[in-house]
Amino acid sequence: MATPTALLERLVDQRVQLRLKDSREMSGRLLGLDDHMNLVLDDVEETSTAGARRLGRVLVRGSNVISLTAPNGPSPKRT
Amino acid sequence: MATPTALLERLVDQRVQLRLKDSREMSGRLLGLDDHMNLVLDDVEETSTAGARRLGRVLVRGSNVISLTAPNGPSPKRT
Amino acid sequence: MATPTALLERLVDQRVQLRLKDSREMSGRLLGLDDHMNLVLDDVEETSTAGARRLGRVLVRGSNVISLTAPNGPSPKRT
Amino acid sequence: MATPTALLERLVDQRVQLRLKDSREMSGRLLGLDDHMNLVLDDVEETSTAGARRLGRVLVRGSNVISLTAPNGPSPKRT
Amino acid sequence: MATPTALLERLVDQRVQLRLKDSREMSGRLLGLDDHMNLVLDDVEETSTAGARRLGRVLVRGSNVISLTAPNGPSPKRT
Amino acid sequence: MATPTALLERLVDQRVQLRLKDSREMSGRLLGLDDHMNLVLDDVEETSTAGARRLGRVLVRGSNVISLTAPNGPSPKRT
Amino acid sequence: MATPTALLERLVDQRVQLRLKDSREMSGRLLGLDDHMNLVLDDVEETSTAGARRLGRVLVRGSNVISLTAPNGPSPKRT
């Protein structure tokens, strides 16, 4: 089984895409995380109905995260 | 009795359908989960009023989940 | 006194009706539950403004439940 | 002082009126409760903008309760 | 310093005014409270855009309270 | 570092301005607080789209607070 | 890995930009924080659809924070 935490830890240093509750999406390289799913991303590009903008390094509070997509992520660990 | 956790664990590796609070639905193969009902899905297809799109591997934060449907899931364990 | 937990446990294997926060209603046979009022239902029929549809087996996250109705439920235990 | 819990326990077997977050009101006989203010009511009549309907026995999740009115409730215990 | 709990305890038996999250206001005599700021009020008069009505004794769930006003409350304890 | 709690404690007896989730603002003298950021204010003036009104002493539940401004507050402690 | 807490602590005394749930943005110098991501900022400038205004020193309750951007922040610690 691939637990959410194990997936996130394997995704460190890879690009992920976030969907947030306020309808924005962010893509960036995952630098770190904690148990609340607070996330630190680098090289962030944000997309909303207002268009796209580059944000640099961003800390996202976990409670605002709907989902995280890792289109080209590593395979889940087989146990 | 089939507890929610026992049901989820038996559904690992099967396709499930999620309804999320932002009105989206996702279907995918359940790879893993934790106690907060954070879920890891693979081969995800998302459906919203904006249409359908394929997302690959997705981590969904449990607090956004309304319900999970397992149309062809296994029978509940009899105890 | 009939506590909520005691009522739910006596309702296992009976049909109940749920009202959810997103305005949907579901009726189904209660298979199981946990302390967060996460519920597993079988033979679910869902009703919303979009009409009715059959869903099979469904796990509902407790935080989305407004109320659960047991029109023909058992009598409360007298203590 | 009349604590909320003490009031609720004295109201068991009496009719109360609930206001819920989704704008509905329910009146019914209070059968039981727990520490989360989850409530079991019997002989429930529900009123909403869609009119009134009878529901029988209902479990209401405490997080949806705004207030509970006991128009003819017992006097508070004097201590 | 006048802590919130100390203020509330000194207000028992006095009239207070509540503002609730659903835009209603209630005034009533404070009978009791608990650590979640659940409140018991007596002789309640409720005001909303739909007008005013008298409710008798009311238990208000603390999570719905925005603020409590004590226009003629006692002075804060000086320590 | 000036922690939020240390800032609040130094602001006791000074006028602060609150922004609340229901779009109101309140200014008043801070009398006390607790760990949930529940606040007691005195000489409160409230401003909303409906205009301004004086409220006297007010307890504000911390979960409704967005931010607190101390335009002329004391300097942060240097450590 | 750069955890959210470690990032925040390194950002003390630097200017950061906050996005809040009520659609406002604030930029200011980070003075302090706690485990709930409550933040103290100085020299705050707030931007909303109503325009910009200067606020001085502000305490922001962590539950209102969506994200924090540190466009010119320090490099993450390498471990």
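Shown above is the structure to which this text applies.
Residues numbered from 1 in each chain as written. Chains lettered and ligands numbered in written order. Predicted model: local features only at pLDDT ≥ 70, side-chain atom pairs only at ≥ 80, totals over all residues. Heavy atoms only, no water.

1. Structural notes on the overall build of chain A
This is how the line gets drawn: Only DSSP runs of H or I with at least four residues qualify as helices, and only runs of E with at least two residues qualify as strands; both kinds are numbered from the N terminus onward. Exposure is judged per residue with a 1.4 Å probe applied to protein chains only, and the accessible area is read against the type maximum: over 50% gives exposed, under 20% gives buried, and values in between give partly exposed. Contacts: residue pairs with any heavy atoms within 4.5 Å of one another. Calculation of accessible area relied on Shrake-Rupley with a 1.4 Å probe; when residues are assessed, cover is drawn exclusively from the protein chains displayed.
A count of helices and strands for chain A gives one helix and five strands. Traced from its N-terminal end to its C-terminal end, chain A shows the element sequence α-β-β-β-β-β. For chain A, the residues scored as buried account for 52% of the 79 residues in total. For chain A, contacts bridging at least 24 residues in sequence account for 38% of all contacts bridging at least 6. A total accessible area of about 3600 Å² is found for chain A, and carbon and sulfur atoms account for 44% of it.

2. Overview of the interface of chain D and chain E
To keep it simple, the criterion reads: Take the accessible area each of two parts loses on contact, using a 1.4 Å probe, and add the two losses: that sum is the buried area. We count a salt bridge whenever a side-chain nitrogen from Lys or Arg sits within 4 Å of a carboxyl oxygen from Asp or Glu. Polar contact is the term for a pair of N or O atoms within 3.5 Å; when the atoms are in protein, one must be able to donate a hydrogen and the other to accept it, and sequence-neighboring residues count only if both atoms are side-chain atoms.
Contacts between chain D and chain E engage 23 residues on the former and 22 residues on the latter. A buried area of about 1800 Å², summed over both sides, lies between chain D and chain E, and 56% of it is on carbon and sulfur atoms. The largest share of the area that chain D buries against chain E comes from Pro4, Arg19 and Ile66 of chain D, three residues that together contribute 31% of it. Run the count over chain D and chain E and you get two salt bridges. Glutamate 25 of chain D is the partner of arginine 53 of chain E in a salt bridge, and the nearest nitrogen-oxygen pair spans 3.0 Å. The interface formed by chain D and chain E includes nine residue pairs in polar contact (both at pLDDT 80 or more). Every element with two or more residues in the side of chain D that touches chain E is listed here: α1 (4-11) and β5 (65-69) of chain D.

3. A look at a positive patch on the surface
Put simply, the test is: Note on patches: the residues involved have over 30% relative accessible area and no salt bridge, like charges join within 9 Å, and the nonpolar side chains Val, Leu, Ile, Met, Phe, Trp and Tyr join within 5 Å. Charged-residue counts in this description rest on Lys and Arg as positive and Asp and Glu as negative, His and the chain ends being excluded. To locate a charge, the coordinates of NZ of Lys, CZ of Arg, CG of Asp or CD of Glu are taken.
Together, Lys21 of chain A, Lys21 of chain B, Lys21 of chain C, Lys21 of chain D, Lys21 of chain E, Lys21 of chain F together with Lys21 of chain G make up a positively charged patch on the protein surface. Its location among the elements puts lysine 21 of chain D in the loop between β1 (15-20) and β2 (25-33).

4. Describing the pairing of strand β5 (residues 65-69) of chain E
The test is simple: Note on pairing: DSSP must find at least two bridges between two strands before they are called paired.
Summarising burial for β5 of chain E: five of the five residues are buried, a large majority. Bridge count for strand β1 (residues 15-20) of chain E against β5 of chain E is four bridges, and the pairing is antiparallel. Within β5 of chain E, the residue paired with arginine 19 of chain E across the bridge is serine 67 of chain E. In this sheet, strand β4 (residues 51-60) of chain F lies alongside β5 of chain E in antiparallel orientation, the contact comprising three bridges. Note that in β4 of chain F the partner of serine 67 of chain E across the bridge is valine 60 of chain F.

5. Describing the interface of chain C and chain D
Contact residues are listed per partner, giving 24 residues for chain C and 21 residues for chain D. Looking only at chain C, the three residues that lose the most surface to chain D are Pro4, Arg19 and Ile66 of chain C, adding up to 31% of its buried area. Remark: the boundary between chain C and chain D carries two salt bridges. Considering each element in turn, the side of chain C that touches chain D owes the most residues, five residues, to strand β5 (residues 65-69) of chain C.

6. Examining the side chain of asparagine 64 of chain F
Residue position: asparagine 64 of chain F is located in the loop between β4 and β5 (65-69). With near-sequence residues (within four places) excluded, asparagine 64 of chain F lies in contact with Lys21, Val65 and Ile66 of chain E together with Arg19, Leu20 and Lys21 of chain F.

7. Some thoughts on the pairing of strand β4 (residues 51-60) of chain C
Where strand β5 (residues 65-70) of chain B lies against β4 of chain C, four bridges are found, and the strand directions are antiparallel. Taking the residues that link successive antiparallel strands as the turn, the strand β3 (residues 39-48) of chain C-β4 of chain C hairpin has two residues.

8. Description of helix α1 (residues 4-11) of chain F
Our working rule: Each direction from the helix axis to a C-beta atom contributes to the arc, which is the arc of those directions.
Among all positions of α1 of chain F, only Pro4, Leu7, Leu8 and Leu11 of chain F are buried. All buried residues of α1 of chain F project into a common sector of 95 degrees when viewed along the axis, lining one side. In this structure, the buried side of α1 of chain F is in contact with β1 (15-20), β2 (25-33) and β5 of chain F together with β2 (25-33), β3 (39-48) and β4 (51-60) of chain G. Aspartate 13 of chain F sits one or two residues past α1 of chain F and shows a positive phi near 85 degrees.

The values reported here are purely geometric and, on their own, carry no functional implication.
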